[in-house]
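Close look at the chain arrangement
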Amino acid sequence: MNFPILSAIIFIPLIGALFIFITRGSQKNVEKNSKYVAIFSSLTNFLLSVFLWFSFDMTTSNFQFVEKKIWMEGFINFQLGIDGISILFILLTTFIAPICIFSGIQSIKFKLKEFLIAILVMETLMLGVFCSLDLVIFYLFFEGGLIPMFLIIGIWGGPKRVYSAFKFFLFTLLGSVLMLIAIISIYWITGTTDVIKLLDSKIIQEYQYLLWLAFFSSFAVKLPMWPVHTWLPDAHVEAPTAGSVILAAILLKMAGYGFIRFSLGLFPVASDYFAPLIFTLSIVAIIYTSLVALMQDDMKKLIAYSSVAHMGFVTIGIFSLTKQGLEGSIIQMISHGLISAALFLCVGVVYDRYHSRMISSYGGLVNIMPKYALVFMIFTLAALGLPGTSGFVGEFLVLVGIFQINVLVAILASLGVILAAAYMLWLYRRVIFGKLASAEIKEMKDLNTTEIYVFASLAFLILFFGVYPEPLFETVNISVNNLITNYQDNLNFHLALKNN
Amino acid sequence: MEYAIIFLPLIGSIISGFFGKKLGDNYSQILTSLFVGISAILSLFIFYEVLTQNYSNNKSIYTWISSGNFHVNWSINIDPLTSVMLVVVSLISTIIHVYSIGYMSHDKHKPRFMAYLSLFTFAMLTLITADNFLQLFFGWEGVGLCSYLLIGFWYKKPAANAAAIKAFIVNRVGDFGFAIGIFLIFFYYGTVNYNEVFDQTGLLKEKEIIFLGIEVNLITLICLLLFIGAMGKSAQILLHTWLPDAMEGPTPVSALIHAATMVTAGVFLVVRCSPLFEYSEVALNVVAIIGMVTAFFAATVALVQNDIKKIVAYSTCSQLGYMFFAAGIGAYHVAIFHLFTHAFFKALLFLGSGCVIHSFNDEQDIRSMGGVWKKIPMTYALMLIGTLALTGFPFLSGYYSKDAIIEFAYLKGSTIGYYVAGVGILTALLTAVYSWRLIFKTFHGKYNNKKNQFSSIKESSLIMIIPSCLLAIGAILSGVIFKEIFIGNDTLFWGNSILFLNLITHEHPPTWLITLTPLLVISAIPLAYYLFIKNLLILRIFIQKNQFLYNFLINKWYFDELYNFIFVEPAKKVGLFFWKRGDVNIIDRYGPDGLSKIVKIISDKAVNFQTGYLYHYAFVMLIGFSVLLTYLILY
């Protein structure tokens, strides 16, 4: 493969952003042109990544489409490459990005040009995370993502946006600093930051624990895990709809991806050692945040808390290190990406029309917005993991996986499924059912054409992967097998070393 | 053909749901009814094939989930058990579809209603045709969803919404046990396919496992967990609270979902898993006891309820208890037989109640009815047939199935069997009393309705009466026709679909037993007439003397209050506590907010250093210099 397709996918949004940046002219013209550029570049990128998926070889676990450019001689190479796990996240990102752009175009009222630039830059950075095969490059993309997100919340956010933006930044940066130190020490220990080489090398056991904790602190905040989750509800509440969508659908997944690629790949002994810690925190997250979600009166906060609970399933699945658990958590991440995006868009729809996120402001929306009621119902059901939606496949497999490792964890996590039904259905009932809550909301209009297309495409994917998730399984199958084998080999190697 | 049976209702549902507005009410009603009707005809055909040629078929449609050795197919599995259920589901569903055309004639959302009904039929069909536990679970939650949607169909009624959510969540509690059962099955069997699981069960019957620190028999544990799921769906005691509330939904829904089909899914599950249950004495006893208690409990509550639909709902709950204890004593075929006859007469009772409610202009309280049997003779006749069948009046369907359950329980010969038989007879008597109370209060005595003129009471339209008549025929004849096939002593109908390790034959039940129940049941008729029509005083005095007992019954043994107190309120309080105390007061206060506060304090202090006076800086420099010098000199 001579054409650097990964670089193309990563940088097309950036080039689009550049074009938007240099558009000049009357206000109206600039906005029109930047809309077109943004839509065009993000859709092209989506098509390109679908093409990438089709030309992807599912029979090998090696990294594919590898590109390597020397950046600093003998130190850092700009190295990209993907396997069956990362390609799904690339697809998710390129699929969600145009949706965010459509949503932004509809609801952002000022500085639209700058907003679109921020989204496109964000897309580039996120794609970089999933493609990079060098720790330093990964770090740059991973942390770079903070900046546009910080701006999106801080500029286009709600009334308390500055507080939320700083809280978001403070939390995430804290973890990142430790990860940076860890990356530097990995370079000292092994002499390389090349991920392909690192995955084959075996880092000395004693070092693994601290390094794992450093990576963990960064990923745990991003994911987020209990008790460092409190930035998420605030960030979601203040962020504009498109910001929430990116945050929930993709940003959180970067941490899950990081756990799979780095924590498991580089530090298997430590992963094994710390798995009970992860299980405990995840269980607490699932039950604690589900109960908190039950009591929320702000729709976005409720969905944000439910995200924390859903991500709890992801970490449980990852560290169960079983085939079902790992595949389940990958599918859960993809499906949560779609579902949470859809739910935040649903909140965005009513927020755009009535400018309130409070559940109590609404009620009886089905009387005036039947189409909206229908799509919201589909996404609600997906969020509570009804069989037939993608949410079920992921959650169920995670539970099947963890059950083989720890029965108690499986049972406690299953309790989350009951609670999810409670808070989602209660939310739905209060917003959609009943008599029309007030005369003022009577003027609200049902979904317009753009919204229908966006929701229909999300609903289609959620239902499709609910009844036929096979394409996803086929894509990740070999890579996950390889991951587990490597992990076990690595563990055995260290065990043998210790015994001698 | 199998594809058509299952997917026609789905197609009908999709068309009516999405294009209902364009099609118009009439076309979407006709279309959905027609599709379900075709499905019913094909089901009857399959049933005939199974009956005459032992037809069976197991088709995989395609792979659903395949992760490592966890492999699940979408499939259609036809065997005798499935074929019976197919007939029950598709036939009753068709009848209810047609009935709904009349019942919902004043509703604005007909296409939506029909779409939900058809979707329910589809989900129920996938449930019964599954060849693995996961597809069963899909159908299981799918019917739960449709039940949720249909209970809450009148979304403007707060009570309907509350009932819908309650139904879903209580079922989720059951499904929680069910899901853990499936995990356990996969863990020990490495598969969730019925046949593969059942084939290995004989080998694993002695296996003891440590589950959460307790040593238990594997098969027993699996069975109990699956049974928790069944209890939720079939509204058995402890998880029954949703069923009476579910009566907030439209009456056709109550007839189809909450009487004839969905609620019997739990019984179906137990019978389907007979190859597992047969190996666990403990699990079977639990099933029998839970069934027995439910049958009795629900019947006592039904005695004092005043809402016509709630009485029938508790009656359903009670009859489901019968089915479970039939299964619990190992008479799975009798359980299915009762399921089969019950589907007809209970659906009939609900449709009849629907007609009554229609005639009384949406009145449901039986205290505000009475004396109208001459005005609505067809409805009266239908209700009468339903009641006779339910109470087990000789030669109607309930007589064959319910008495068979009691006989089998007695012939089982174990202690549990005798208990169950005894409670069964007692409950049969209670059933007769509350059923006749319903009939007499509704149709006889004085006319008590204040809202409607006596002359305005009218018979329901033909489109409601005719489907009910079909059910009435079923309620009369289904027992006598299918008795030999389903529970005859040398029936070969069930084939491999049910496993009996030690089959109870009921060659010679003692004569006193055969005659006792019918006698009690028949004698209950004059008794009820006397108590509820002729001489109301006795009851009034009785209630006054036993106020506590009466309150206990009318409040349904206080289950709702108890659950509210134990689960609902604490969950809310704990949630609020975690949020306000945990997140806001601890994590945020000492986390980011605390950190930024500390930074601010330190920087405020640090500002003081920069005074701008040269002599301050010079002084500090001097001190620093001397400290440095001292250090160098000393070390």
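Scroll up to find the structure this text is about.
The following paragraphs examine the structure supplied in this document. Predicted, not measured: the structure shown is a model, and the values here were computed from it.

1. Examining the overall build of chain A
Within chain A, the regular secondary structure consists of 19 helices and two strands. Taking 2.2 N^0.38 as the reference for a compact globule, 500 residues should give roughly 23 Å; the C-alpha atoms of chain A span a radius of gyration of 22 Å, in line with that estimate. With the principal axes as the frame, chain A shows a C-alpha extent of 80 × 55 × 40 Å. Burial status across chain A gives 67% buried among its 500 residues. Intrachain contacts of chain A at a sequence separation of at least 6 include 81% that bridge at least 24 residues. With the model as given, the accessible surface of chain A reaches about 16,800 Å², and the carbon-plus-sulfur share is 67%.

2. Examining the overall build of chain B
Of the regular secondary structure elements, chain B holds 25 helices and four strands. Taking all 635 residues of chain B together, the buried fraction comes to 58%. The contacts in chain B between residues at least 6 apart in sequence include a share of 79% that link residues at least 24 apart. Of the accessible surface of chain B, which amounts to about 25,600 Å², a share of 67% is contributed by carbon and sulfur atoms. Here chain B contributes 41 positively and 34 negatively charged side chains, and the mean placements of these two sets differ by 14 Å.

3. What to know about the packing of helix α4 (residues 112-131) of chain A against helix α5 (residues 135-144) of chain A
Each packed pair of helices is defined by two parameters, the angle between the axes and the distance between the axes. All names here are of chain A. Running from amino to carboxyl end, α4 crosses α5 at an angle of 145°, the nearest separation of the two axes being 8 Å. Every pair of crossing elements has a handedness; the one defined by α4 and α5 is left-handed. The residues of α5 that touch α4, namely those facing Thr124, Leu125, Gly128 and Val129, are Phe138, Phe141, Phe142 and Gly144. Each residue belonging to the contact of α4 with α5 can be placed in one class, and the counts come to five nonpolar, three polar and no charged.

4. Describing the interface of chain B and chain A
Counting residues at the interface gives 51 residues for chain B, matched by 61 residues for chain A. Of the roughly 5,100 Å² buried where chain B meets chain A, counting both sides, 75% is carbon and sulfur surface. Taken as a group, Arg172, Phe183 and Trp579 of chain B account for 14% of the area that chain B buries against chain A, more than any other trio of residues on that side. Applying the counting criterion to the chain B and chain A interface returns ten residue pairs in polar contact (both at pLDDT 80 or more). Counting only elements with at least two residues in the side of chain B that touches chain A, the list comes to β1 (57-67), β2 (70-78), α5 (133-151), α6 (158-189), α23 (559-590) and α24 (592-609) of chain B. By residue number, the principal contributor to the side of chain B that touches chain A is α6 of chain B, which donates 16 residues. When grouped by side-chain class, the residues that make up the side of chain B that touches chain A number 36 nonpolar, eight polar and seven charged.

5. Observations concerning helix α20 (residues 511-534) of chain B
Along an α-helix, residues three or four apart share an orientation, since each turn contains 3.6 residues. All names here are of chain B. When the terminal C-alpha atoms of α20 are compared, their 34 Å separation across 24 residues agrees well with the 34 Å that a helix rising 1.5 Å per residue should span. Taking the largest bend as the criterion, α20 deviates by roughly 25°, centred on Ile525, and proline Pro526 comes between one and four positions later. Inspection of α20 places Leu513, Thr517, Pro518, Val521, Ala524, Ala528, Leu531 and Phe532 among the buried residues, and these make up the whole buried set. Of the surrounding elements, those touching the buried residues of α20 are α16 (377-391), α17 (397-412), α18 (415-443) and α21 (536-545).

6. Description of the nonpolar core
Soluble globular proteins tend to bury their nonpolar side chains together. If you look at the biggest cluster of nonpolar residues, it comprises 423 residues, and the most contacted ones within it are Phe379 of chain A together with Phe133, Tyr148 and Leu276 of chain B. For Phe379 of chain A, the contacting residues outside a window of four places in its chain are Ile339, Ala342, Leu343, Cys346, Phe455, Leu458, Ala459 and Ile462 of chain A.

7. So, the packing of aromatic side chains
Residues and elements named next belong to chain B. The tally for this structure, following the rule as stated, stands at 81 aromatic pairs over all chains. Ring plane angle 80° and centroid distance 6.4 Å describe the contact between Phe297 and Tyr314, whose orientation is recorded as edge-to-face. On the criterion of sequence distance, the pair formed by Phe297 in helix α13 (residues 281-304) and Tyr314 in helix α14 (residues 308-328) is long-range, its members being 17 residues apart. Both residues of the pair, Phe297 and Tyr314, belong to the buried class.

8. Let's talk about a nonpolar patch on the surface
Residues and elements named next belong to chain A. A contiguous nonpolar patch, built from Leu180, Ile184, Trp188, Ile189, Ile204 and Tyr207 and spanning about 610 Å² of accessible area, is present on the exposed surface. For the nonpolar patch, the element with the most residues is helix α7 (residues 161-190), which contributes four residues. Counting through the fold element by element, Trp188 comes out in helix α7.

9. Regarding the pairing of strand β4 (residues 214-217) of chain B
All names here are of chain B. As judged from the four bridges shared by strand β3 (residues 208-211) and β4, these two strands associate in the antiparallel manner. In the strand pairing of β4, Ile209 is matched with Val216. In textbook terms, the turn of a hairpin is the stretch between consecutive antiparallel strands, and for β3 and β4 this stretch comprises two residues, one of which, Leu212, has a positive phi near 55°.

10. Examining the pattern of salt bridges
Residue and element names in this part refer to chain B. With the rule as written, the count across this model stands at 14 salt bridges over all chains. When the shortest N-O distance is used, the salt bridge between Glu141 and Arg172 registers 2.8 Å. Separated by 31 residues along the polypeptide, Glu141 in helix α5 and Arg172 in helix α6 bring together distant segments of the chain.

11. Some thoughts on the environment of Ile378 of chain A
Of note, Ile378 of chain A is situated in helix α15 (residues 370-383). For Ile378 of chain A and Ile462 of chain A, which are 84 residues apart along the polypeptide, the C-alpha to C-alpha distance reads 8.9 Å.

12. Digging into the state of the cysteines
Residues and elements named next belong to chain B. Enumeration according to the criterion identifies zero disulfides over all chains in this entry. For the unlinked cysteine Cys355, the closest cysteine sulfur is that of Cys469, found at 9.1 Å. Using a relative accessible area of 0% as the deciding quantity, one classes Cys355 as buried. Residue classification places Cys469 among the partly exposed residues on the basis of a relative accessible area of 26%.

13. Some remarks on the packing of α4 of chain A against helix α6 (residues 146-156) of chain A
Residue and element names in this part refer to chain A. Interaxial distance between α4 and α6 falls to 9 Å at its minimum, and their mutual angle equals 155°. In terms of orientation, α4 and α6 fall into the roughly antiparallel class. Seen from above, α4 lies across α6 with left-handed handedness. On the side of α4, the interface is formed by Glu114, Phe115, Ala118, Ile119, Val121, Met122 and Leu125, while α6 contributes Pro148, Met149, Ile152 and Trp156. Class assignment of the residues belonging to the contact of α4 with α6 gives a composition of ten nonpolar, no polar and one charged.

14. What to know about the side chain of Ser86 of chain A
All names here are of chain A. Mapped onto the elements, Ser86 comes out in helix α3 (residues 84-107). At 3.4 Å, the side chain of Ser86 and the side chain of Arg261 are in polar contact. Once you skip the residues sitting within four places of it in the chain, Ser86 turns out to touch Phe130, Tyr257 and Arg261.

15. As for the environment of His338 of chain B
Residue and element names in this part refer to chain B. In this fold, His338 is placed in helix α15 (residues 332-359). In the structure, His338 is positioned 213 residues away from Asn551 in sequence and 32 Å away in space, judged by C-alpha atoms. In this structure, His338 is in contact with Gln319, Tyr322, Met323, Phe345, Ser401, Lys402 and Ile405, ignoring residues within four places of it in sequence.

16. Re the side chain of Ser164 of chain A
Residue and element names in this part refer to chain A. Within the element layout of this structure, Ser164 appears in helix α7. When its relative accessible area of 1% is taken as the criterion, Ser164 is described as buried. The residues touching Ser164, leaving out its near neighbours within four places in the chain, are Ile153, Asp234, Ala235 and Glu238.

17. Brief notes about unusual backbone geometry
Residues and elements named next belong to chain A. The residue after Leu223, namely Pro224, is reached through a cis peptide bond having omega -10°. Inspection of the secondary structure puts Pro224 in the loop between α9 (205-222) and α10 (231-238). Cis geometry is adopted by the peptide bond preceding Pro227, which originates at Trp226 and carries an omega value of 5°. Note on placement: Pro227 falls in the loop between α9 and α10.

Each value, and the rule that gives it
- Residue numbers here run from 1 along each chain, matching the order of that chain's written sequence.
- A letter from A marks each chain and a number from 1 marks each ligand, given out in the order of writing.
- A pLDDT threshold of at least 70 governs which residues receive local features in this predicted model, and a stricter bar of 80 or more applies before side-chain atom pairs are shown or counted, although totals over entire chains, interfaces and linings include all residues.
- The basis for every side-chain value is the complete set of non-hydrogen atoms in the structure, without hydrogens or water.
- Put simply, DSSP H or I for four residues or longer makes a helix, DSSP E for two residues or longer makes a strand, and each gets a number counted from the N terminus.
- Restricting the calculation to C-alpha atoms gives the radius of gyration, and the globule rule supplies 2.2 Å times the number of residues raised to the power 0.38.
- Relative accessibility under 20% of the residue-type maximum defines a buried residue, over 50% an exposed one, and the middle range a partly exposed one, all with a 1.4 Å probe and only protein chains included.
- Should any heavy atoms of two residues lie within 4.5 Å, those residues are counted as being in contact.
- A 1.4 Å probe and the Shrake-Rupley method give the accessible areas. Residues count as covered only by the protein chains that appear here.
- Charge assignment in this entry is limited to Lys and Arg as positive and Asp and Glu as negative, and neither His nor the chain termini are counted.
- Note on charges: their place is set at NZ of Lys, CZ of Arg, CG of Asp or CD of Glu.
- For helices, the axis comes from a line fit to the C-alpha atoms of the stretch in contact; other axes are also lines fit to C-alpha atoms, and the angle between any two N-to-C directions lies between 0 and 180 degrees.
- For a crossing to be left-handed, the near helix must be turned anticlockwise from the far one by less than a right angle; the clockwise case is right-handed.
- Here the term charged refers only to Asp, Glu, Lys and Arg, the term nonpolar to Ala, Val, Leu, Ile, Met, Phe, Trp, Tyr, Cys and Pro, and the term polar to all other amino acids, Gly among them.
- The term buried area denotes the loss of accessible surface (1.4 Å probe radius) that occurs when two parts are joined, taken as the sum for both partners.
- Contacts described as polar in this section are N or O atom pairs within 3.5 Å, which, within protein, must combine one atom able to donate a hydrogen with one able to accept it, while residues neighboring in sequence count only if both atoms come from side chains.
- To estimate the expected span of a helix, count its residues, drop one, and scale the result by 1.5 Å.
- A residue's bend is the angle separating two fitted axes: one through the seven residues that end there, the other through the seven that start there.
- To form a nonpolar core, buried Ala, Val, Leu, Ile, Met, Phe, Trp, Tyr and Cys residues must be joined to one another through side-chain atoms within 4.5 Å.
- Only the six-membered ring of Trp is used, alongside the rings of Phe and Tyr, when aromatic pairs are assigned; centres must lie within 6.5 Å, and planes under 30 degrees apart are stacked while those over 60 apart are edge-to-face, with the rest tilted.
- Without a salt bridge and with relative accessible area above 30%, a residue can belong to a patch; like charges are then joined within 9 Å and nonpolar side chains (Val, Leu, Ile, Met, Phe, Trp, Tyr) within 5 Å.
- By convention in these notes, a salt bridge is any Lys or Arg side-chain nitrogen within 4 Å of a carboxyl oxygen on Asp or Glu.
- Here a strand pair is declared whenever DSSP counts at least two bridges between the two strands.
- Criterion for a disulfide: a pair of cysteine sulfur atoms within 2.5 Å.
- An angle counts as roughly parallel when it lies under 35 degrees, as roughly antiparallel when it exceeds 145, as roughly perpendicular when it falls between 65 and 115, and as oblique in every other case.

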